[in-house]
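Listed below are the residues making up each chain.
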Amino acid sequence: MSTLTIYNTLTREKDEFKPLHEGMVGMYVCGPTVYSHSHIGHGKSYVSFDVIVRYLRFRGYKVLYVQNITDVGHLTDNADEGEDKLVKQARIDRVHPMQIAETITRSYFEDMDALGIVRPDISPRASGHIVEQIELIKRLLEKGLAYEVNGTVYFDVRKFAGYGKLSGRVVEEMVEGTRVEVRSEKRHPSDFALWKRADGGHIMRWASPWGDGYPGWHVECSAMSMKYLGETFDIHGGGMDNQFPHHECEIAQSEGATGHPFVRYWIHNNLVTVNGQKMSKSLGNFVTLKDAFTRHAPLVVRFFILQSHYRSTLDFSEEALQGARSGFDKLANTVRNVREELSRATAEDRAHGGVLDAGPYRMRFLEAMDDDFNTPQALAVLFDFATELNKLLNAEPRPSRATLEDALTVFDELGGTVLGIVPAASGAETGQASIEPGLVDLLLSVRTEARKQKLWSFSDMVRDGLKGLGVGLEDKKDGTTWRRTS
RNA sequence: GGCGCCGUACCCAAGUGGUAAGGGAGAGGUCUGCAAAACCUUUAUGCGGCGGUUCGAAUCCGCCCGGCGCCUCCA
């Protein structure tokens, strides 16, 4: 097996992956701020990290995957001023902020489940870890890396030498040209809030050594990741837009407090564009997943995402999604045909027949995934494999049972377990007891009889009618098969 | 202004020194009562442009053109 390499933002190159503890991986990914429904950008991000987790597990690592739910703390305009997003939405909807958080959290998991994303092992809520955040801030104050002003605690950026190492920024150079307004309270414009004083009407507030307030922008991720994964862990992921300042600040807080390296591999996925333009909350041009799912099956969206590399931007367009759908169908058809042929081969106890060695395809797939999770290339391997299998399925002698079994294993493991785009056999294929498949079969036998009598317009009527109901027919040499097409 | 990314066929998209993956769409063909599915052939002497390094460059270097991102929230 080749070695797994991961593009590490910290080193700016593909590093060989070696976990801190043999066989175990601690991984943290920045989760959503739950104040509005997830959009396709979230989809791309979490599908990408889902495949990374799946692949690591497939490769035999025991992965502990932690992804936070931010239900407090992020602000609307800049790091130090502005309104809490949850509070703002709550005011608009005239409900308690936690009601928004709860509703949106459910919505988020609903969408992620639809995309076939394996749930994180732990989904810690920021509001449930206020104590840990306060403890972290206390440690930073004790070490002299933070200071308090009027109930607000700031991180003193100039006291932490490593500030800027992730994003390649130099503190002194950042001041000029930025739009960060200098707040007189702060010792340096780049200092960021760890704890914020809650003014009069602020609903989300907690008691702290510095008075009533709420956690700053970045502490939750440091506090929660270290709580569950330890002070140094293997992988931290997130969107590229979080590289600075969010992740930079996380490093400063965590390493400042512990004195140890925080994260060994930083993984950043690229963003989604719509019509070539960045999709963002402030631009208001985002497409929610729920909206996308009304036009495209969730698995097609997942397939579409995996057709480009996680570090590339992905341009969302209806045309591209249509193309993805056709490609996805092609792969799904092949898997279905292999399953059907296998049940025939099993029934006739077919020991000999056409042969295709799955080994080379499996190897190429793993090599692609080992190369910084190159899912487009891995998919290309599955397509190559499908083409060869289709040839075999059309040829005489019929493929051997062993070949079909191997092929199915490849599809189930690589396409299913790793990429998550090959679902388990559907009800119709497994003969699930239901009246509907029985009725379709009955119609098909009637139509077959009609075709024997060359009653073409009659048989076409049945076919067209079923098509309208989302059942597609295929007349093959050894009989007619059907599948759901919508 | 500072830092960074990208530009590959009609569309999407891999490939980072060895002579252009894969998917979609189009054209032609095989099979079929017709479809559908599948298979075969075909569609970039060419990788934004111009130079340079090299036996050899889409891949490395320089300049230019075009698009985008971060430096304020965002995955």
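Residues numbered from 1 in each chain as written. Chains lettered and ligands numbered in written order. Predicted model: local features only at pLDDT ≥ 70, side-chain atom pairs only at ≥ 80, totals over all residues. Heavy atoms only, no water.

## Side note on a nonpolar patch on the surface
Stage number 1. Taken together, Ile 435, Leu 439, Leu 442, Val 446, Leu 455, Phe 458 and Met 461 make up a surface patch of nonpolar side chains, about 680 Å² in accessible area.
Stage number 2. At the level of secondary structure, the elements contributing two or more residues to the nonpolar patch comprise α15 (435-452) and α16 (456-468).
Stage number 3. If you tally residues by element for the nonpolar patch, the top one is α15, at four residues. (Patch = residues over 30% accessible without salt bridge, like charges linked within 9 Å, V, L, I, M, F, W, Y side chains within 5 Å. Areas by Shrake-Rupley, 256 points an atom, 1.4 Å probe, with all protein chains shown as cover. Salt bridge = Lys/Arg side-chain N within 4 Å of Asp/Glu carboxyl O. Helix = DSSP H or I, 4+ residues; strand = E, 2+ residues; numbered from the N terminus.)

## Describing the confidence of the model for chain A
Stage number 1. Summing up the model confidence of chain A, the mean pLDDT is 88 and the portion of residues at 70 or higher is 93%.
Stage number 2. Taken element by element, the predicted model of chain A shows its lowest mean pLDDT in helix α14 (residues 427-430) (46) and its highest in strand β4 (residues 62-67) (97).
Stage number 3. For the stretch residues 176-182, pLDDT sits under 50, and the model shows two contacts to residues farther than four places along the chain or on other chains.
Stage number 4. Note that residues 427-432 has pLDDT below 50 and, in this model, seven contacts with residues that lie over four places away or in other chains. (pLDDT = per-residue confidence, 0-100. Contact = heavy atoms within 4.5 Å.)

## Observations concerning the sheet that holds strand β11 (residues 272-274)
Stage number 1. Pairing is mixed in the open sheet, where three strands are placed in the order β12-β11-β13. Of all the strands in the sheet, the pair left with one neighbour each is β12 (277-278) and β13 (314-316).
Stage number 2. Bridging between β11 and β13 involves three bridges; their strand directions are parallel. Bridge pairing in β13 links Val 272 to Leu 314.
Stage number 3. Contacting β11 and β13, helix α1 (residues 40-58) runs over the sheet at an angle of about 150° to β11. (Pairing = 2+ DSSP bridges. Axes fitted to C-alpha atoms, helices over the stretch in contact; angles between N-to-C directions.)

## Observations concerning the sheet that holds strand β10 (residues 263-269)
Stage number 1. Strand order across the open sheet formed by four strands is β4-β3-β9-β10, with parallel pairing between neighbours. Each edge of the open sheet is held by one strand with a lone partner, namely β4 and β10. Across the sheet, the mean angle separating the axes of adjacent strands is 20° when strand polarity is ignored.
Stage number 2. Here strand β9 (residues 233-239) runs beside β10; their pairing, made up of six bridges, is parallel.

## A word on helix α9 (residues 298-306)
Residues spaced three or four apart along an α-helix point in a common direction, a consequence of the helix completing one turn every 3.6 residues.
Stage number 1. Among the nine residues that make up α9, seven are buried, leaving the element largely enclosed by the rest of the structure.
Stage number 2. Those residues of α9 lying buried are Val 300, Val 301, Arg 302, Phe 303, Phe 304, Ile 305 and Leu 306.
Stage number 3. Along its buried surface, α9 packs onto α1, α8 (289-295), β13, α10 (318-347) and α12 (375-394). (Buried < 20%, exposed > 50% of the residue type's maximum accessible area, 1.4 Å probe, protein only.)

## Observations concerning the pattern of salt bridges
Stage number 1. Overall, the coordinates contain 41 salt bridges when judged by the stated rule.
Stage number 2. Residues Lys 165 and Glu 255 are paired through a salt bridge, measuring 2.8 Å at the closest nitrogen-oxygen approach. You can see Lys 165 sitting in the loop between β6 (152-155) and α5 (171-174) and its partner Glu 255 sitting in helix α7 (residues 243-258), a full 90 residues away along the chain.
Stage number 3. Between Arg 295 and Glu 318 there is a salt bridge, and its shortest N-O distance comes to 3.1 Å. Here Arg 295, found in helix α8, pairs with Glu 318, found in helix α10; they are 23 residues apart in sequence, far enough to count as distant.
Stage number 4. By sharing partners, the salt bridges in this structure join Arg 336, Glu 340, Glu 474, Lys 476 and Arg 483 into a single network.

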